[in-house]
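Chains, contacts and geometry: an overview
The primary structure of each chain is shown beneath.
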Amino acid sequence: MFPCLTMLTFRMLGAAQILTVALAQTSPTPVSPAFPPSSKIAQDVSTLLENGPRVAGSAALKKAGDYLEAQYGASGYSTRVETFEYNKFFDEGSQLEIGNKVLEGSALDGSSGGDFSAALVAVAGVGTLEEFRAANVTGKIAVVRRGTLRFAEKAQNAVQAGARGLIIVNNAPGNLRGGTLAAEVTIPVLGVSGADGAVLLERTGEQATLSVKAERRTIVGRNLIAALPGVTAPKILFGAHYDSVQGAPGANDNASGTASILEMARRAANTPLAQSAWFVAFDGEEDGLRGSRAFVKTHASLVGGLKAMLNFDMVGVDVTPLSVGGTLALLERSERAVPELRRLNDGSSGSDHASFLEAGSPALFFYRGMDPNYHQPGDTVVQPEMLEETVLAGLKVAGELLR
Ligand SMILES: [Zn+2]
């Protein structure tokens, strides 16, 4: 057991983003690997954060990809970027004004734009059609809490009940960022924090001005593929998305997974494992698994020949012990290889492994639980010991699955 664990915190100061690394003493956590963490992983995470949020289509994403390419190349891997195009939703600045208060919010992916004044109305419950109708939302700006129903269902119910706009109040810490409606809706839909939402739910009946500047633009996504020269039909595919949402630096979501598979590649480079593996950093995950969907489409026969896709997402903060979900047969073997792994209740959705499962490929999802900094400006923290443990577990599981 290590005497104490260090938690590396990356602080950003203003537009210049000066990175300082401060070592903070934290209470010891139960799980620690056999040897000290590779400082390279921590350095990888801090470099990935250097240019701000790695939003798909942004310069920061491209720079992160360049860094990864250089790192894989330094370990003898050939790399290439596979691009794909999609229509990405951009929130160019959205807010709600009530009295002299201006509340910043985030438009949900699929929201319409709009700028108008109308009465606010609080909707009780979770936003069923009956609840919207009972609140008489016709021509008004409806306010409903997050939870139980998907964002898309709440929005469709609001539209059907005649609402002119919809505010969804977050039930998790911080602002509601990166929410998606899965389809276009005809009204503006704004996500706000729980604190701001509580104010709005109190002020039902008052006039408010909703302003949502939303647009879609075609962007070019960039999947980064690394493999040893000559490895064209891998049995194991290690994957992690390297994009993050607007407004969130993305240390845990998901520089943690991106740096972990890079480190696995480094350690496997001169072992038989690398002769049967590909390492892929996916783009566009935050916009609906865009990169992994494009990959399985482009590489259908390769995906059909995989023994396993291993996906790592949010593995840097010990909200829970390292957990795994996905294909049952793989789960049992992975637990044999790493008994400390905890089984996820539902490991079939929520990140890039879902694209592979849908394509019929066996897959596992490695995850450490919902981080309070999820999709927040505070997502700047990782615990190197958690990354080290993830690297060891990933390599052991891959070794077991190849046996
Ligand atoms: Zn993620």
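Since the structure is predicted, the reported quantities are computational estimates derived from the model, not experimental observations. (Residues numbered from 1 in each chain as written. Predicted model: local features only at pLDDT ≥ 70, side-chain atom pairs only at ≥ 80, totals over all residues. Heavy atoms only, no water.)

Description of the environment of T186
Following the sequence through the fold, T186 ends up in the loop between β7 (165–169) and β8 (189–192). Here T186 falls in the exposed class, since its relative accessible area comes to 64%. Each C-alpha atom, one on T186 and one on G73, is 47 Å from the other, the two residues being 113 residues apart in sequence. The contact partners of T186, leaving out residues within four places of it in the chain, are S112 and V159. (Helix = DSSP H or I, 4+ residues; strand = E, 2+ residues; numbered from the N terminus. Buried < 20%, exposed > 50% of the residue type's maximum accessible area, 1.4 Å probe, protein only. Contact = heavy atoms within 4.5 Å.)

Observations regarding the domain arrangement of the protein chain
What the domain assignment lists for the protein chain is domain 1 (33–87 + 218–401) and domain 2 (93–212). Taking only C-alpha atoms, the centre of domain 1 and the centre of domain 2 are 34 Å apart. Together domain 1 and domain 2 conceal approximately 510 Å² of surface at their shared face, both sides included; 42% is due to carbon and sulfur atoms. If you sort the residues of domain 1 by the area they bury against domain 2, P372, H375 and Q376 come out on top, with a joint share of 59%. Our enumeration of links across domain 1 and domain 2 arrives at zero salt bridges. Seen at the junction of domain 1 and domain 2, the total is three residue pairs in polar contact (both at pLDDT 80 or more). (Domains from an automatic or database assignment. Buried area = accessible area lost by both parts, 1.4 Å probe. Salt bridge = Lys/Arg side-chain N within 4 Å of Asp/Glu carboxyl O. Polar contact = N/O pair within 3.5 Å; in protein donor to acceptor, adjacent residues only side chain to side chain.)

A closer look at the coordination of the zinc ion
Distances from the zinc ion to its protein donors, H241 (NE2), D253 (OD), D313 (OD) and D313 (OD), fall within 1.9 to 2.6 Å. For the zinc ion, the four donor atoms in the first shell make angles of 52 to 143 degrees at the metal, so the coordination geometry reads as irregular. Within one chain, the residues serving as donors to the zinc ion are arranged as H-x11-D-x59-D. Within this pair, whereas H241 is found in strand β10 (residues 236–241), its partner D313 is found in the loop between β12 (308–312) and β13 (323–326), the two being separated by 72 residues in sequence. For H241, a relative accessible area of 1% gives the class buried. A relative accessible area of 4% places D313 in the buried class. (Donors = N, O, S within 2.8 Å, 3.2 Å for Na, K, Ca; no water. Tetrahedral: all angles 85-135°; square planar, octahedral: opposite > 155°, others 65-115°.)

Observations regarding the nonpolar core
Of all hydrophobic cores here, the largest spans 66 residues; its most connected members are F238 and L310. Ranked by residue count, the leading element in this core is helix α6 (residues 251–268), at eight residues. Apart from the residues lying within four places of it in its own chain, the contact partners of F238 are I261, M264, L273, A277, W278, F279, V280, L310, F312, G394 and A398. The next biggest cluster of nonpolar side chains, apart from the first, holds 21 residues, and it includes A142, A163, L176 and V185. (Core = buried A, V, L, I, M, F, W, Y, C linked by side-chain atoms within 4.5 Å.)

Section: helix α2 (residues 59–74)
Counted at 1.5 Å a residue, the expected span for α2 with its 16 residues is 22 Å, and the 23 Å between its end C-alpha atoms agrees. Taken together, the buried positions of α2 are occupied by A60, L61, A64, G65, Y67, L68, Q71 and Y72. Down the axis of α2, the sector holding all buried residues measures 160 degrees, keeping them to one side. Across from the buried face of α2, at angles greater than 90 degrees, the exposed residues are A59 and A74. (Expected span 1.5 Å × (residues − 1). Arc of directions from axis to C-beta.)

Some thoughts on the pattern of salt bridges
This model, assessed by the stated rule, comprises 19 salt bridges. Across the pair E263 and R266 runs a salt bridge, and its minimum N-O distance is 2.6 Å. On the criterion of helical spacing, the pair formed by E263 and R266 is a turn pair, its members being three residues apart in helix α6. Across the pair R343 and E335 runs a salt bridge whose closest N-O atoms are separated by 2.8 Å.

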